[in-house]
Amino acid sequence: MLIAIVGKKYEAREKLRKEAAGSLPVALCERSDTLSSELLEKAAGASLFGGESAYLVRGILEEGAEEFLSLLPELVRSPHLFILEEEGLLKAGKDAVIEAGGKVLEAKKEAA
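Owing to the predicted nature of the structure, the values given are computational and were not obtained by experimental measurement.

Colleague: Sorry, what's going on with the environment of leucine 89 here?
Modeller: Topologically, leucine 89 is positioned in the loop between β4 (81–86) and α5 (91–100). A residue is classified by how much of its surface remains accessible, and leucine 89, at 12% relative accessible area, is buried. Between the C-alpha atom of leucine 89 and that of lysine 8, which follows or precedes it by 81 residues, the distance is 10 Å. Excluding its chain neighbours within four sequence positions, the residues that come into contact with leucine 89 are Val6, Leu61 and Lys94.

Next up, the structure:
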């Protein structure tokens, strides 16, 4: 399962992330040279205690996205939840998430 959360305000993104993950603990996947292979491994693998796991990845679609766009279908097919958190996302990135079968959620500042 794949959800992309897009928005400038951290608090609004955090609220959507908590709603999306529900009771699942969310593990942060740090950016690294091996992030692509790590994500594929997590998508295909079973969680430590069985059931679903949730993973948070920040900023992978903002720059250097070509490497990660090819991963989207695998992340969607996974029994685990992958949350991609972006401050901004171009239309092409949003379209790629939707075409792969994922959801895009817009984190908007709440009215006072």
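Colleague: Which parts of the structure should I look at to understand the packing of aromatic side chains?
Modeller: Any two aromatic rings considered together are summarised by their centre-to-centre distance and by the angle between their planes. The final tally for this structure, using the stated rule, is one aromatic pair. The interplanar angle of 25 degrees and the centroid separation of 5.3 Å between the aromatic rings of tyrosine 55 and phenylalanine 82 together place this pair among those described as stacked. Here tyrosine 55, found in strand β3 (residues 54–58), pairs with phenylalanine 82, found in strand β4; they are 27 residues apart in sequence, far enough to count as distant.

Colleague: In this structure, what is going on with the environment of arginine 31? I would like to understand it.
Modeller: Following the sequence through the fold, arginine 31 ends up in the loop between β2 (26–28) and α2 (35–44). Taking C-alpha positions, arginine 31 is 7.7 Å from valine 57, a pair spaced 26 residues apart along the chain.

Colleague: Would you mind going over the nonpolar core with me for this structure?
Modeller: Generally speaking, nonpolar side chains in soluble globular proteins are found buried as a group. Grouped together as the largest cluster of nonpolar side chains are 21 residues, with contacts concentrated most on Leu39, Ile60 and Leu84. At the level of secondary structure, the elements contributing two or more residues to this core comprise β1 (2–6), α2, β3, α4 (72–77), β4 and α5. Ranked by size, the runner-up nonpolar core spans ten residues in total, among them Ile5, Ala21, Leu81 and Ala107.

Colleague: Explanation requested: α5 in the structure shown.
Modeller: Think of an α-helix as 3.6 residues a turn; residues three or four steps apart then line up on the same face. Among all positions in α5, only Gly93, Ala96, Val97 and Ala100 are buried. The buried residues of α5 all sit within an arc of 95 degrees when viewed along its axis, so they share a single face. Away from the buried face of α5 by more than 90 degrees, exposed residues Lys91, Ile98 and Glu99 are located. Positive backbone phi, approximately 105 degrees, marks glycine 101, located one or two places after α5.

Colleague: How should the sheet that holds β2 be read in this particular structure?
Modeller: Paired through backbone hydrogen bonds, the strands of a sheet run either parallel or antiparallel to each other. Pairing within the open sheet is parallel, and its five strands lie in the order β2-β3-β4-β1-β5. What marks the edges here is a single partner per strand, and that holds for β2 and β5 (103–106). Pairs of neighbouring strands in the sheet enclose a mean axial angle of 25 degrees, with direction left out of account. Pairing geometry for β1 and β5, over four bridges, is parallel. By the bridge assignment, isoleucine 3 is partnered in β5 with lysine 103. Sitting on the sheet, helix α1 (residues 10–21) is in contact with β1, β2, β3, β4 and β5, with an inclination near 170 degrees to β4.

Colleague: Where do I start with the pattern of salt bridges in this structure?
Modeller: Note on pairing: side chains with opposite charge can pair once their charged atoms come close. According to the stated counting rule, one finds seven salt bridges in the structure shown. Note that lysine 18 is salt-bridged to glutamate 14, the shortest N-O span being 3.9 Å. Remark: glutamate 14 and lysine 18 occur in helix α1; sequence separation between them is four residues, near one turn of the helix. Residue glutamate 14 is classed as partly exposed on the basis of its relative accessible area of 24%. When the shortest N-O distance is used, the salt bridge between arginine 17 and glutamate 85 registers 2.8 Å. Of this pair, arginine 17 sits in helix α1 while glutamate 85 sits in strand β4, and the two are 68 residues apart along the sequence. Glutamate 85 matches arginine 17 in its accessibility class, with the two residues each being buried. Because the salt bridges share partners, they merge into one network encompassing Arg13, Arg17, Arg58 and Glu85.

What counts and what doesn't
Each residue is numbered by its place in its chain's sequence as written, counting from 1. Given that the model is predicted, a residue must reach a pLDDT of at least 70 before its local features are reported, and side-chain atom pairs must reach 80 or more before they are shown or counted; all residues, however, enter totals for whole chains, interfaces and linings. Calculated side-chain values reflect all of the structure's heavy atoms, with hydrogen atoms and water omitted. Runs of H or I in DSSP of at least four residues are treated as helices and runs of E of at least two as strands, each being numbered from the N terminus. Summary of the burial criterion: residues with accessible area below 20% of their type's maximum are buried, those above 50% are exposed, and those between are partly exposed, where the area comes from a 1.4 Å probe applied to protein chains only. Only heavy atoms matter for contacts: two residues are in contact if any of them lie within 4.5 Å across the pair. Centre distance within 6.5 Å is the pairing criterion for rings of Phe, Tyr and Trp, where only the six-membered ring of Trp is used; planes under 30 degrees apart are then read as stacked, over 60 as edge-to-face, and the remainder as tilted. Throughout, nonpolar core names a set of buried Ala, Val, Leu, Ile, Met, Phe, Trp, Tyr and Cys residues whose side chains join them through atoms within 4.5 Å. What the arc measures is the spread of directions leading from the helix axis to the C-beta atoms. DSSP bridges decide pairing: two strands pair if at least two such bridges lie between them. In this analysis an axis means a line fitted to C-alpha atoms, helices contributing only their contacting stretch, and an angle means the value between N-to-C directions, from 0 to 180 degrees. Any Lys or Arg side-chain nitrogen found within 4 Å of a carboxyl oxygen on Asp or Glu counts as a salt bridge.

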